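Chain by chain, the residues:
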Amino acid sequence: MPTTTPGHPADAHRPDHDPSGPLALPEGVATAAQVARAAEHDGKVADYIAPLAEVDPSRFALVASELDGTEHLDGDVDEAFAIQSVSKVYSLVLALQAADAGSGVEEELWCRVGREPSGDPFNSLVQLEHEHGIPRNPMINAGALVLDDVLLDPLDDPVAATCELLSELCGEEIGLDERILRAEQSTSHRNRSLAPLMADFGNLRNDVEAVLDSYIGACAISMSSRQLARAPRFLANGGVDPSTGRRVLAAPLARRVAAVMLTCGTYDAAGEFAFSVGLPCKSGVAGSIVALAPDRLVVCAWSPPLDAAGNSVAARIALHELAERCGLSVF
Ligand code: GLU
């Protein structure tokens, strides 16, 4: 039975006021999926990573994973794909976990990578030259390469550590998509340009090839939309995994991850996402977008065709529709 909370009388004058109240999640997910599917052929599948170009563009999934474990599902929710840039969230989580263990380390981390939107494409080289090898934020490629460099100090194998964390959070074994891994190992020309430039500025301290291997491995982690919605519920729950009660991250650090996702998580369209979805989000070029609704749930929407900024067209519509219809916006 859907529940509705009566709004303040002043809400009646807001242009988006819906007198019937928010939809319950099962109806919200079904309706948002239906609306988004109409756009599933808009946009273009990423083809600079060869296996991504072979994906059926009509694949679509929408999952809302509540903190109590209830899942609302629509579409190809168990089909696995490479999480690509969504892995940057977990690189930041692991780096903050390491920073939390040593005093002064977090300050050093934020000296080496900023936390401002870039206003440039996710793989741009231009800003780095002007800004002395300090990437604008950890959600763009250059920023994640710095995180991978940071992680190579406390961890023997950051990719294995990421898979281990994800396996724990999902309660299922998480591994790599070997085809994506091989394809990116033999290309990644942009990342192979970013990394030495930052090393030249002194902002990569480990072997450049080892940093690139970690970065490329993390992008090739393979998960389904159901798993992508399940894993980051700790970020919507003050840093505590609601399935096990284990604290993954201190509450203030979990808030920082969410803040960086909101301001920097959707490439050069973070302002548009804040405006139209109103949730901390992270997208990846395989077409997934993960969104946190604090204290409530996590949503993953997946559809391979992307817009010019690199975000999935249908996934963005699904998130907008779901957030609007179910009243999920943080604003
Ligand atoms: N592996 C991709 C790259 O490095 C990730 C890009 C993304 O998902 O934003 O270009």
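A. Representation of unusual backbone geometry within the structure. The backbone phi angle of H132 is positive, close to 55°, even though this residue is not glycine. Along the chain, H132 falls in the loop between helix 5 (126-130) and helix 6 (141-151). Given the relative accessible area of 54%, H132 is considered exposed. Look at D295: it is not a glycine, yet its phi comes out positive at around 65°. By relative accessible area, which is 61% here, D295 ends up exposed.

B. Structural detail: the nonpolar core. Among the nonpolar cores identified, the biggest contains 80 residues, and V93, M223, L235 and V257 are the most heavily contacted of them. When neighbours within four sequence positions are excluded, V257 is seen to be in contact with V89, L92, V93, L96, L235 and L249. Of all hydrophobic cores here, the second largest spans 30 residues; its members include F60, A64, A291 and L328.

C. Local environment of helix 1 (residues 25-37). Taking 1.5 Å per residue as the helical rise, helix 1 with its 13 residues ought to reach 18 Å, and the 18 Å between its terminal C-alpha atoms agrees with that figure. Taken together, the buried positions of helix 1 are occupied by L25, G28, V29, A32, A33 and A36. All buried residues of helix 1 project into a common sector of 125° when viewed along the axis, lining one side. Taken together, the buried residues of helix 1 touch strand 1 (61-66), strand 2 (71-75), strand 8 (297-302) and helix 14 (313-326).

D. Structural context of the environment of Q227. Tracing the chain through its elements places Q227 in helix 11 (residues 225-230). The exposure class of Q227 is buried, given its relative accessible area of 12%. Setting aside chain neighbours within four positions, we find Q227 in contact with C170, E172 and I174. Among the polar contacts made by the side chain of Q227, one reaches the side chain of E172 at a distance of 2.6 Å.

E. Structural detail: helix 14. Look at helix 14: 20 Å from first C-alpha to last across 14 residues, which is about the 20 Å you get at 1.5 Å a residue. Buried within helix 14 are the following residues: V313, A314, A315, I317, A318, L319, E321, L322, A323 and C326. Buried residues along helix 14 sit against helix 1, strand 1, helix 13 (270-276), strand 6 (281-283), strand 7 (288-293) and strand 8. Immediately beyond the C-terminal end of helix 14, within one or two residues, lies G327, with a positive phi of roughly 65°.

F. A look at the side chain of D241. With respect to the element layout, D241 can be found in the loop between helix 11 and helix 12 (251-264). Despite being buried, D241 has no salt bridge partner; R233 is the closest side chain of opposite charge, sitting 4.1 Å away. Of the polar contacts made by the side chain of D241, one reaches the backbone nitrogen of S243; its length is 3.0 Å. In contact with D241, other than residues within four places in its own chain, are E168, L169, R233, F234, R246 and V248.

G. Seen up close, the pattern of salt bridges. If you walk through the whole model with that rule in mind, you get 14 salt bridges. A salt bridge links E106 to R256; the nearest nitrogen and oxygen atoms lie 2.7 Å apart. A residue pair is termed long-range when its members are at least 10 positions apart, and E106 in helix 4 (residues 105-112) and R256 in helix 12 qualify at 150 residues. Classification of E106 as buried rests on a relative accessible area of 17%. The closest approach of N and O atoms between R246 and E168, which form a salt bridge, is 2.6 Å. Separated by 78 residues along the polypeptide, R246 in the loop between helix 11 and helix 12 and E168 in helix 7 (residues 158-170) bring together distant segments of the chain.

H. Up close: the site of the ligand. The local shell around the ligand holds 13 residues, among which Y48, Q84, S85, E184 and Y267 are the closest. E184 places a side-chain nitrogen or oxygen 2.6 Å from a nitrogen atom of the ligand. One nitrogen or oxygen atom from the side chain of Y215 is found 2.8 Å from an oxygen atom belonging to the ligand. Taking 300 Å² as the accessible area of the ligand by itself, protein coverage stands at 99%. For the shell around the ligand, the class distribution of residues is 7 nonpolar, 5 polar and 1 charged.

Thresholds, definitions, all that
Residues numbered from 1 in each chain as written. Predicted model: local features only at pLDDT ≥ 70, side-chain atom pairs only at ≥ 80, totals over all residues. Heavy atoms only, no water. Helix = DSSP H or I, 4+ residues; strand = E, 2+ residues; numbered from the N terminus. Buried < 20%, exposed > 50% of the residue type's maximum accessible area, 1.4 Å probe, protein only. Core = buried A, V, L, I, M, F, W, Y, C linked by side-chain atoms within 4.5 Å. Contact = heavy atoms within 4.5 Å. Expected span 1.5 Å × (residues − 1). Arc of directions from axis to C-beta. Polar contact = N/O pair within 3.5 Å; in protein donor to acceptor, adjacent residues only side chain to side chain. Lys, Arg positive; Asp, Glu negative; His and termini not counted. Salt bridge = Lys/Arg side-chain N within 4 Å of Asp/Glu carboxyl O. Near = heavy atom within 4 Å. Areas by Shrake-Rupley, 256 points an atom, 1.4 Å probe, with all protein chains shown as cover. Nonpolar A, V, L, I, M, F, W, Y, C, P; charged D, E, K, R; others polar.

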